[in-house]
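Observations on chain architecture
Single-letter residue listing:
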Amino acid sequence: FCEATGIGRPKTEAWYIAEVEGKAKLYMGNYPGLDPGILRQSIDRGSIVKWMYEARPRTGEIYFVEAGTMHAIGAGLLMLEVQQPSNSTFRIFDWGRTDDDGTARTLHLDEAFGAIRFNKFSLPQPKRQTVEGPGWVLDTAMMGTILPPDILRTVIAEPGDCRVVTDKATYDLSRGDVLVAEKDDGPLRIARGSCLWVTEVTPSS
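What this report covers is the structure whose coordinates are included nearby.

The rules behind these values
- Residues numbered from 1 in each chain as written.
- Predicted model: local features only at pLDDT ≥ 70, side-chain atom pairs only at ≥ 80, totals over all residues.
- Heavy atoms only, no water.
- Helix = DSSP H or I, 4+ residues; strand = E, 2+ residues; numbered from the N terminus.
- Buried < 20%, exposed > 50% of the residue type's maximum accessible area, 1.4 Å probe, protein only.
- Areas by Shrake-Rupley, 256 points an atom, 1.4 Å probe, with all protein chains shown as cover.
- Lys, Arg positive; Asp, Glu negative; His and termini not counted.
- Charge placed at Lys NZ, Arg CZ, Asp CG, Glu CD.
- Pairing = 2+ DSSP bridges.
- Axes fitted to C-alpha atoms, helices over the stretch in contact; angles between N-to-C directions.
- Core = buried A, V, L, I, M, F, W, Y, C linked by side-chain atoms within 4.5 Å.
- Contact = heavy atoms within 4.5 Å.
- Phe/Tyr/Trp six-rings, centres within 6.5 Å; stacked < 30°, edge-to-face > 60°.
- Salt bridge = Lys/Arg side-chain N within 4 Å of Asp/Glu carboxyl O.

On to the overall build of the protein chain, then. Across its full length, the protein chain carries two helices and 15 strands. Seen through its C-alpha atoms, the protein chain measures out along the principal axes to roughly 60 × 40 × 35 Å. Counting across all 205 residues of the protein chain, residues that qualify as buried make up 40%. Accessible surface for the protein chain amounts to roughly 11400 Å². Of this, 49% is attributable to carbon and sulfur atoms. For the protein chain, the centre of its 23 positive side-chain charges and the centre of its 28 negative side-chain charges are spaced 6 Å apart.

What follows is the structure, given as structure tokens:
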């Protein structure tokens with residue numbers, strides 16, 4: 001969200017790392033000393049990543065990225081992203097990429113400079129479970145876990161296959177499959193394997 005212009009909506013995200021190739025990197029947050037003027041210079045010179053923290057993610061880690069954090073995803077990563085409902089993306093650098101016609105994607109520098117939290121210095125630390133954002137929770141569920149009823153639940157078969165049992169049916173999910181359970185489907189039991197699941201933040205939480 002750009003405070004200066006009132007454009008867009010905040011977008012807090014969580015990234016689950018499903019696969020990592022080689023020395024793949026994430027870039028998140030900025031070092032002290034960065035301000036809009038220095039950032040604009042670093043964009044012009046192509047040196048923006050020198051101002052950003054680097055992370056070497058591992059499979060199974062979850063990174064929580066608060067709205068207003070500069071971030072970029074390097075090559076060689078397969079990730080699941082859960083985010084606060086928002087269509088706001090303020091692009092500040094695109095590594096010189098163009099489409100087939102040689103046209104570069106639009107940058108949104110003024111909006112981004114009003115949205116970046118320059119004074120929040122830290123590299124987001126990975127977790128293995130229970131990451132809560134605005135309106136959602138991302139968590140892991142091992143075999144035997146019962147996911148409570150009366151809330152919308154999305155189950156993702158990851159890191160492998162899993163079996164989910166409800167009062168109405170049994171679902172065998174292959175890795176990467178997604179099951180959406182409505183409130184009236186009752187409890188969900190993870191009968192085999194493990195999985196990720198995403199749910200709404202309940203009023204009591």
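Once you've had a look at it, read on.
Next up on the list: the sheet that holds strand S10 (residues 153–156). Within the open sheet, the five strands sit side by side as S7-S8-S15-S10-S13. Their pairing is antiparallel. Pairing within the sheet leaves two strands with one partner each, and these edge strands are strand S7 (131–133) and strand S13 (178–181). Neighbour-to-neighbour, the strand axes of the sheet open up by a mean angle of 20 degrees, direction not taken into account. As defined by bridge partners, S10 adjoins strand S15 (residues 195–200) across four bridges and the pair is classed as antiparallel.

A separate point is the nonpolar core. As a rule of thumb, soluble globular proteins bury nonpolar side chains together. Grouped together as the largest cluster of nonpolar side chains are 15 residues, with contacts concentrated most on Leu-39, Ile-43, Ile-48, Met-70, Ile-92 and Ile-116. At the level of elements, helix H1 (36–45) and helix H2 (109–115) are the ones that each hand at least two residues to this core. Here this core takes three residues from H2, the largest share from any one element. Beyond its immediate stretch of four places on either side in the chain, Ile-92 contacts Leu-39, Ile-43, Ile-48, Met-70, Leu-107, Leu-109, Ala-112 and Ile-116. Within the second largest apolar cluster, 13 residues are counted, among which are Ala-157, Cys-162, Leu-173 and Ile-190.

Moving on, we come to the pairing of S15. With five of its six residues buried, S15 lies for the most part within the structure. Of the strand pairs in this sheet, strand S8 (residues 136–141) and S15 are connected by six bridges, and their pairing is antiparallel. Paired with Trp-136 across the strands is Glu-200, a residue of S15.

This part covers the environment of Arg-56. Along the chain, the position of Arg-56 falls in the loop between strand S3 (52–55) and strand S4 (62–65). Taking C-alpha positions, Arg-56 is 10.0 Å from Gly-74, a pair spaced 18 residues apart along the chain.

Where two aromatic rings form a pair, the distance of their centres and the angle of their planes describe that pair. Throughout the structure, instances matching the rule amount to two aromatic pairs. For the pair Tyr-31 and Tyr-53, a centre-to-centre distance of 4.4 Å together with 55 degrees between the ring planes defines the contact as tilted. In this pair, Tyr-31 is assigned in the loop between strand S2 (26–30) and H1 and Tyr-53 in strand S3, connecting sequence segments 22 residues apart.

A side chain of one charge can pair with a side chain of the opposite charge if their charged atoms are brought near each other. Summed over the entire model, instances satisfying the criterion amount to 11 salt bridges. With a shortest N-O distance of 2.9 Å, Glu-19 and Arg-175 are connected by a salt bridge. In this pair, Glu-19 sits in strand S1 (residues 13–20) while Arg-175 sits in the loop between strand S12 (170–173) and S13, placing the two residues 156 residues apart along the sequence. In this structure Glu-19 comes out as partly exposed when scored by relative accessible area, which is 38%. Under the relative-accessibility criterion, Arg-175 is labelled partly exposed at 36%. What you see here is one network of salt bridges that share partners, running through Glu-19, Glu-158 and Arg-175.

Cis geometry marks the peptide bond from Glu-158 to Pro-159; its omega dihedral reads 20 degrees. The residue Pro-159 is located in the loop between S10 and strand S11 (162–165) in this model. Positive phi outside glycine occurs at Trp-95, with the angle close to 55 degrees. Among the structural elements, Trp-95 can be located in the loop between strand S6 (77–83) and H2. Note on Trp-95: relative accessible area 45%, which makes it partly exposed. Within the chain, Thr-130 stands out as a residue other than glycine whose phi angle is a positive 50 degrees. Residue placement: Thr-130 occurs in the loop between H2 and S7.

Nothing here speaks to function; it is all geometry.
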